[in-house]
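Here's the letter readout for the chains.
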Amino acid sequence: MTELDTDHVRGFFPAFAEASLQGQAFFENAGGSYTCAPVIDRLTRFYRSRKVQPYGPYDASRLAGEEMDEARSRLAAMLGVEADELSFGPSTTANTYVLAQAFRGWLQPGDAIIVTDQDHEANSGPWRRLAEAGIELREWRMDPATGLLDPAALATLLDDHVRLVCFPHCSNVVGAVNPVSEIVELAHDAGAFVCVDGVSYAPHGLPDVGALGADIYLFSAYKTYGPHQGLMVLRRGLGEALPNQGHFFNADTLYKRFTPAGPDHAQIAACAGIADYLDGLHAHHFAPEPDPRRRAAQVHDLMRAHEARLMEPLLAYLRERNDLRLIGPGSAQGRAPTVAVASGQAGRALAEALAAQGIMAGGGDFYAVLALRALGIDPAHGVLRLSFVHYTTPDEIDRLISALDRVQ
Ligand SMILES: Cc1ncc(COP(=O)(O)O)c(C=O)c1O
């Protein structure tokens, strides 16, 4: 199989040529990735020459609207959904908040929602708050030792009261990739919809949301090489059934129903740069392929294979460190390269020690407070998180391992 050409990849990211970042290896990608040049170029072009009310009759305005539509339609095609099933909001947290308001108006007291303790707070708190409206909240708990969510445990929670199952494609501290299709099938068989937080998964290759079958799939463009936007797939059946949260006169336009905030025109337009980037990678590594969904799948597999190769030595090293507790799967199989470790030292202190060694990493609770508590870790003490993506090189992994040796 074709291997990822990381020199080519890094050529797309101005951060790697930025003088102030030289000599530092970036391992806090799960907090926000570097931005690719096509996104920066589109954003700059928009602000320079299209920064007017879009969808008007004059050229600058027409082009502004066309670029916003282009972002939605190209990314939707890559995600395997219809263009109007994808919408842009200020962030994933804001998107789940709006969705929860819609469910609050739709569900009846006695209906139930399943939430997990593996999620980031964004896909947890807004749903839990619906208890105030008489909705029953059921807890799908992870194994406190492994951090894994077992679909068999979900099956015991499902019955005909359950209307929605919320869970992460991948947790931002456990790193395990959950079997989305299997979970979707269980939930759908029980008559429930599913809401998947894909924020920690999408940067590792855009998922085929159509094939996964999720009714709601959310991710954040600023962690996926783009600007600060939250992308939300809402499949038509559910999107048309939930009460509209936007202006009444926009109720017939699916992608406007759950984005009450005025759209950030420039950032939405710039999101087309994510599609440019992924297509650029495709063109470099593969024979031409007319289907955007298929191109995205090939680039996804290319990124994941590269990440798996890089994860193995890091995980092998961490497994050997008796003073560190590796959170989540110990091998690359079924794992994203979001690798958290707990130790006697606070996560933040370890991250500071690594910063002095030229390693940019993060320490803390990462808003996965419930997950850390469930794992028996005090969120105030936190974990060190080492997160990378496909543009990371073997040399950077070596530098990380040497730095970890020095700061122990
Ligand atoms: C797994 C996960 N879900 C949701 C979020 C929230 O995303 P946003 O910052 O776009 O609200 C984050 C952010 O760190 C995350 O890691």
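Given the structure is predicted, the values throughout are model-derived calculations rather than measurements. (Residues numbered from 1 in each chain as written. Predicted model: local features only at pLDDT ≥ 70, side-chain atom pairs only at ≥ 80, totals over all residues. Heavy atoms only, no water.)

## Brief notes about the overall build of the chain
Within the chain, the regular secondary structure consists of 15 helices and 13 strands. When its C-alpha atoms are laid out on the principal axes, the chain stretches across 60 × 55 × 35 Å. Here the contacts in the chain between residues at least 6 apart in sequence split such that 69% fall between residues at least 24 apart. Put simply, the chain shows about 15,800 Å² of open surface, and 51% of that area lies on carbon and sulfur atoms. Taking the 34 positively charged and 50 negatively charged side chains of the chain as two groups, their mean positions are separated by 4 Å. (Helix = DSSP H or I, 4+ residues; strand = E, 2+ residues; numbered from the N terminus. Contact = heavy atoms within 4.5 Å. Areas by Shrake-Rupley, 256 points an atom, 1.4 Å probe, with all protein chains shown as cover. Lys, Arg positive; Asp, Glu negative; His and termini not counted. Charge placed at Lys NZ, Arg CZ, Asp CG, Glu CD.)

## A look at the sheet that holds strand 10 (residues 338-343)
The four strands lie next to each other as 9-10-13-12, forming an open sheet whose pairing is antiparallel. Either end of the sheet is taken by a strand with one partner, and the two such strands are strand 9 (324-326) and strand 12 (362-364). Going from strand to strand, the sheet's axes swing by 30 degrees on average, the running direction of each strand aside. One ladder, built from four bridges, connects strand 10 with strand 13 (residues 383-387); its direction is antiparallel. Within the sheet, the bridge partner assigned to Val341 lies in strand 13 and is Leu384. (Pairing = 2+ DSSP bridges. Axes fitted to C-alpha atoms, helices over the stretch in contact; angles between N-to-C directions.)

## A few points about the site of the ligand
The ligand sits among Ser91, Thr92, Thr93, His120, Ala122, Asn172, Asp197, Val199, Ser200, Ser220, Tyr222 and Lys223. One nitrogen or oxygen atom from the side chain of Asp197 is found 2.5 Å from a nitrogen atom belonging to the ligand. Taken together, the residues of the shell around the ligand sort by class into three nonpolar, seven polar and two charged. (Near = heavy atom within 4 Å. Polar contact = N/O pair within 3.5 Å; in protein donor to acceptor, adjacent residues only side chain to side chain. Nonpolar A, V, L, I, M, F, W, Y, C, P; charged D, E, K, R; others polar.)

## Digging into the sheet that holds strand 2 (residues 86-89)
Spatially, 2-8-7-6-5-3-4 is the arrangement adopted by the seven strands of the open sheet, whose pairing is mixed. Single-partner strands in this sheet number two, and they are strand 2 and strand 4 (136-140). Neighbouring strand axes in the sheet, compared pairwise and without regard to direction, differ in orientation by 20 degrees on average. Relative to strand 5 (residues 162-168), strand 3 (residues 112-116) is paired through three bridges, and the arrangement is parallel. When the sheet's bridge partners are listed, Ile113 is paired in strand 5 with Leu164.

## Some remarks on the environment of Asp323
Inspection of the secondary structure assignment puts Asp323 in the loop between helix 12 (292-320) and strand 9. Expressed as a C-alpha distance, the spacing of Asp323 and Arg235, which sit 88 residues apart in the sequence, is 46 Å. Ignoring sequence-local partners within four residues, the contact set of Asp323 consists of Ala342, Ser343 and Gln408. A distance of 2.9 Å separates the side chain of Asp323 from the side chain of Arg321, its partner in a polar contact.

## Observations regarding the nonpolar core
Core analysis: the biggest nonpolar cluster contains 83 residues, and Phe13, Leu75, Val165, Val173 and Tyr277 have the highest contact counts within it. Once you skip the residues sitting within four places of it in the chain, Val173 turns out to touch Ile327, Thr338, Ala340, Asp365, Phe366, Ala368, Ala371, Leu372 and Val383. With 27 residues, the next largest nonpolar core counts Leu326, Leu384, Ile397 and Ile401 among its residues. (Core = buried A, V, L, I, M, F, W, Y, C linked by side-chain atoms within 4.5 Å. Buried < 20%, exposed > 50% of the residue type's maximum accessible area, 1.4 Å probe, protein only.)

## Section: the state of the cysteines
Summed over the entire model, instances satisfying the criterion amount to zero disulfides. Cys36 carries a free sulfur, and the closest cysteine sulfur to it, the one in Cys271, is 9.8 Å from it. Owing to a relative accessible area of 0%, Cys36 belongs among the buried residues under this scheme. Residue Cys271 is classed as buried on the basis of its relative accessible area, which comes to 0%. (Disulfide = S-S within 2.5 Å.)

## Points about the packing of helix 2 (residues 37-49) against helix 3 (residues 59-79)
Angle between the axes and distance between the axes are the two parameters that describe a pair of packed helices. At their nearest, the axes of helix 2 and helix 3 sit 10 Å apart, and the two run at 155 degrees to each other. Considering the angle they form, helix 2 stands roughly antiparallel to helix 3. The chirality of how helix 2 crosses helix 3 is left-handed. Residues Arg42, Arg45, Phe46 and Ser49 of helix 2 lie in contact with helix 3, whose contacting residues are Ala60, Ala64, Glu67, Glu70 and Arg74. (Parallel < 35°, antiparallel > 145°, perpendicular 65-115°, else oblique. Left-handed = near helix turned anticlockwise from the far one by under 90°.)

## Details of the packing of aromatic side chains
Remark: the centre distance and the inter-plane angle together describe each pair of aromatic rings, the angle taken between the planes. Taken as a whole and assessed by the stated rule, the structure comprises 18 aromatic pairs. Note on Tyr225 and Tyr277: the rings are 6.0 Å apart at their centroids and 65 degrees apart in plane angle, and the pair reads as edge-to-face. Note that Tyr225 is positioned in the loop between strand 7 (216-220) and strand 8 (230-234) and Tyr277 in helix 11 (residues 272-285), a separation of 52 residues in sequence. The exposure classification of Tyr225 matches that of Tyr277, with both residues buried. Of the aromatic side chains, those joined through ring pairs into one cluster are Phe12, Phe13, Phe16, Phe26, Tyr34, Tyr225, Tyr277 and Tyr391. One residue, Arg10, lies across the ring of Phe16, its end atom 3.8 Å from the ring centre. Lying across the ring of Trp106, Arg163 places its NZ or CZ 5.0 Å from the centre. (Phe/Tyr/Trp six-rings, centres within 6.5 Å; stacked < 30°, edge-to-face > 60°. Lys NZ or Arg CZ within 6 Å of the ring centre and 35° of its normal.)

## Some points on the pairing of strand 3
Counted residue by residue, strand 3 has five buried out of five residues, so it is predominantly covered. Both strand 3 and strand 4 contribute to a ladder of five bridges, which runs parallel. Counterpart to Thr116 in the pairing with strand 4 is Trp140.

## Let's talk about the side chain of Arg257
Relative to the helices and strands, Arg257 is located in the loop between helix 9 (236-241) and helix 10 (265-270). Once you skip the residues sitting within four places of it in the chain, Arg257 turns out to touch Gly239, Glu240, Leu242, Pro243, Asn244, Gln245, Gly246, Asn250 and Ala251.

## Let's talk about the pattern of salt bridges
Oppositely charged side chains can form a pair if their charged atoms are brought close together. Tallying each qualifying case throughout the model produces 27 salt bridges. One salt bridge in this structure joins Arg62 and Asp59, with 3.0 Å as the shortest N-O distance. Of this pair, Arg62 and Asp59 both sit in helix 3, separated by three residues, roughly a single helical turn. Using a relative accessible area of 35% as the deciding quantity, one classes Arg62 as partly exposed. The salt bridge partner of Asp276 is Arg74, with a shortest N-O separation of 2.7 Å. One end of the pair, Asp276, is in helix 11; the other, Arg74, is in helix 3, with 202 residues separating them in the sequence. When salt bridges with common partners are traced through the structure, they connect Arg42, Glu70, Arg74, Asp276, Asp279 and Arg295 into a single cluster. (Salt bridge = Lys/Arg side-chain N within 4 Å of Asp/Glu carboxyl O.)

These figures capture arrangement, not role.
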